[in-house]
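Summary of the model geometry
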Amino acid sequence: LYKKKWATTAPRIPAPRLALHHFDTTYSLQLQELWPAVRSAMLCEQKYGALLNNFACADLTAQRLELLSATDFVSEAARRARCWQESAGVGGERRKTSLEGSGGDGTTLPTETSPLLRASLSSNVKCYTFPRGDISRFHPARPDSLGILSYYLMDAASLLPVLALNVQPDDFVLDLCAAPGGKMLALLQTGACGHLAANDVSISRTKRLYHILNSYVPKEVRETVSVTSHDGRDWGELQGGTFHKVLVDVPCTTDRHSVMEEENNIFHKMRTKERQMLPMLQLQLLMAGILAAKPEGEVVYSTCSLSQLQNEHVVERAIDIAETQFGITVHIEDLSHFRTLFQDTFCFFSGCRLGELVLPHLTANFGPMYFCKLRRA
Ligand code: SAM
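Residues numbered from 1 in each chain as written. Predicted model: local features only at pLDDT ≥ 70, side-chain atom pairs only at ≥ 80, totals over all residues. Heavy atoms only, no water.

**Observations concerning the packing of aromatic side chains**
Under the counting rule described, the total for this entry stands at 14 aromatic pairs. Ring geometry for Tyr-27 versus Trp-35: centroids 5.4 Å apart, planes at 70 degrees, classification edge-to-face. Residues Tyr-27 and Trp-35 agree in their burial class; the two are buried. (Phe/Tyr/Trp six-rings, centres within 6.5 Å; stacked < 30°, edge-to-face > 60°. Buried < 20%, exposed > 50% of the residue type's maximum accessible area, 1.4 Å probe, protein only.)

Right, dumping it as structure tokens:
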């Protein structure tokens with residue numbers, strides 16, 4: 001009798017606490033001595049970036065943001081890359097610059113600036129952030145005279161998968177899990193998508209995609225976007241081998257949200273099965289993304305989780321399945337120069353075997369964000 005009474009009145013453990021307990025067990029092993037700092041950062045206020053809307057009065061907005069001491073971290077990285085190139089050119093000998101090795105992670109820029117590097121940094125995407133350690137917040141964006149909003153607030157680390165995708169003029173791009181639409185909007189800011197297919201299985205969330213399109217994108221550009229709500233896992237069968245670039249930004253344990261918010265938390269007891277099935281769903285979505293890409297097409301897989309099971313393991317299994325079940329060879333593209341280029345803005349983990357991982361840190365409280373680029377042979 002006592003037990004029964006206890007059972008019915010026992011306080012339910014809040015989902016964020018369950019999440020934290022789970023992360024303490026797994027991430028302390030994975031990140032070792034880095035985990036306490038990452039943990040504290042995830043429990044503190046997240047930092048945002050302001051993605052500049054090139055379809056509104058971008059110059060004026062840029063000036064306003066610069067007056068607040070915010071800087072565009074993408075052009076800042078491009079400027080550094082140029083400095084590096086100049087110093088590398090002196091006497092034909094490569095001089096060591098402040099960009100190299102200072103993160104202590106052994107990364108260096110390639111000896112020749114790679115086409116990927118040049119292209120990803122010459123993209124039109126601009127995202128303003130406050131400097132490291134500055135925790136100022138951006139005001140909500142204002143509409144311009146035509147009612148178009150001037151910037152979109154997002155985790156600045158979310159831009160890295162988009163930059164890694166390196167959209168080229170007239171590329172056909174698929175955003176397989178697109179809602180609510182931050183990365184879709186960043187893809188459109190490149191001005192390069194020949195066509196953008198934005199898909200999300202959730203009909204209610206695709207409404208948010210339309211809302212972003214209507215608030216940020218003029219009609220003539222909206223017309224180059226098709227919004228669908230298919231189960232992304234079926235995409236390969238629906239429209240296989242058609243896209244130059246595919247973004248697979250999968251549902252995951254959304255670690256930061258899970259330790260902070262009770263609502264819609266995947267660590268709720270009743271969502272245990274769904275959570276355990278995530279790596280399988282992620283693998284199926286990545287496979288569909290690979291099949292949707294043309295030969296030589298490129299796929300970026302991303303999550304906002306620190307979990308190896310949802311990150312590198314999914315990528316490894318997808319490469320294996322592509323080869324053994326579909327006879328498709330998939331290569332991993334090296335993105336380690338991102339670590340060097342963006343080290344002033346983000347804190348990167350140097351221990352990923354495949355792909356790159358942004359770690360939350362109190363002085364640069366973005367992420368987590370994992371991204372890995374694959375190229376279909
Ligand atoms: N890329 C989005 C952005 O930048 O705003 C965030 C995507 S969110 C991490 C993952 C999305 O995957 C959710 O909107 C969810 O509805 C969607 N999703 C879940 N299962 C899916 C499936 N089977 N097919 C397509 N989308 C799915």
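**Overview of helix α9 (residues 203–216)**
Here α9 contains 14 residues, and its C-alpha end-to-end distance of 20 Å stays within 8% of the 20 Å for a straight helix at 1.5 Å per residue. Within α9, the full set of buried residues consists of Thr-206, Leu-209, Ile-212, Leu-213, Ser-215 and Tyr-216. Elements in contact with the buried residues of α9: β4 (151–154), α8 (182–189), β6 (193–199), α10 (219–222) and β7 (225–228). (Helix = DSSP H or I, 4+ residues; strand = E, 2+ residues; numbered from the N terminus. Expected span 1.5 Å × (residues − 1). Contact = heavy atoms within 4.5 Å.)

**Description of unusual backbone geometry**
Ala-179 connects to Pro-180 through a cis peptide bond whose omega is 5 degrees. Checked against the element boundaries, Pro-180 lands in the loop between β5 (171–175) and α8. Geometrically, the link from Gly-367 to Pro-368 is a cis peptide bond, its omega value of 5 degrees lying close to zero. Relative to the helices and strands, Pro-368 is located in the loop between β12 (356–359) and β13 (369–376). Positive phi outside glycine occurs at Ser-69, with the angle close to 75 degrees. Structurally, Ser-69 is set in the loop between α4 (58–67) and β2 (71–72). Relative accessible area serves as the criterion here: at 45%, Ser-69 is assigned to the partly exposed category. The residue Glu-296 is not glycine, and still its phi comes out positive at about 75 degrees. Here Glu-296 shows up in strand β9 (residues 293–303).

**Regarding the site of the ligand**
Looking at the ligand, there are 22 residues lining it, with Asp-200, Arg-205, Asp-231, Gly-232 and Asp-249 nearest. Take Cys-177: an N or O atom from its main chain is 3.0 Å from a nitrogen atom of the ligand. A distance of 3.4 Å is found between an oxygen atom of the ligand and a backbone nitrogen or oxygen belonging to Pro-180. Relative to its unbound accessible area of 600 Å², the ligand is 87% covered by the protein chains. Contributions of two or more residues to the shell around the ligand are made by α8 and α14 (278–292). (Near = heavy atom within 4 Å. Polar contact = N/O pair within 3.5 Å; in protein donor to acceptor, adjacent residues only side chain to side chain. Areas by Shrake-Rupley, 256 points an atom, 1.4 Å probe, with all protein chains shown as cover.)

**Comments concerning the packing of α8 against α9**
Here α8 crosses α9 at 35 degrees, and the two axes come no closer than 10 Å. As for the relative orientation of α8 and α9, their crossing is right-handed in sense. Across the interface between the two elements, Gly-182, Met-184, Leu-185 and Leu-188 of α8 pack against Leu-209, Ile-212, Leu-213 and Tyr-216 of α9. For the contact of α8 with α9, the residue count by class is seven nonpolar, one polar and no charged. (Axes fitted to C-alpha atoms, helices over the stretch in contact; angles between N-to-C directions. Left-handed = near helix turned anticlockwise from the far one by under 90°. Nonpolar A, V, L, I, M, F, W, Y, C, P; charged D, E, K, R; others polar.)

**What to know about the packing of helix α2 (residues 15–31) against helix α3 (residues 35–42)**
In contact at an axis separation of 9 Å, α2 and α3 are set at 145 degrees when each is read in the N-to-C sense. In terms of crossing hand, the pair formed by α2 and α3 is right-handed. Contacts between α2 and α3 involve Leu-20, Phe-23, Asp-24, Tyr-27, Ser-28 and Leu-31 from the first element and Trp-35, Val-38, Arg-39 and Met-42 from the second. Partitioned by chemical class, the residues of the contact of α2 with α3 number seven nonpolar, one polar and two charged.

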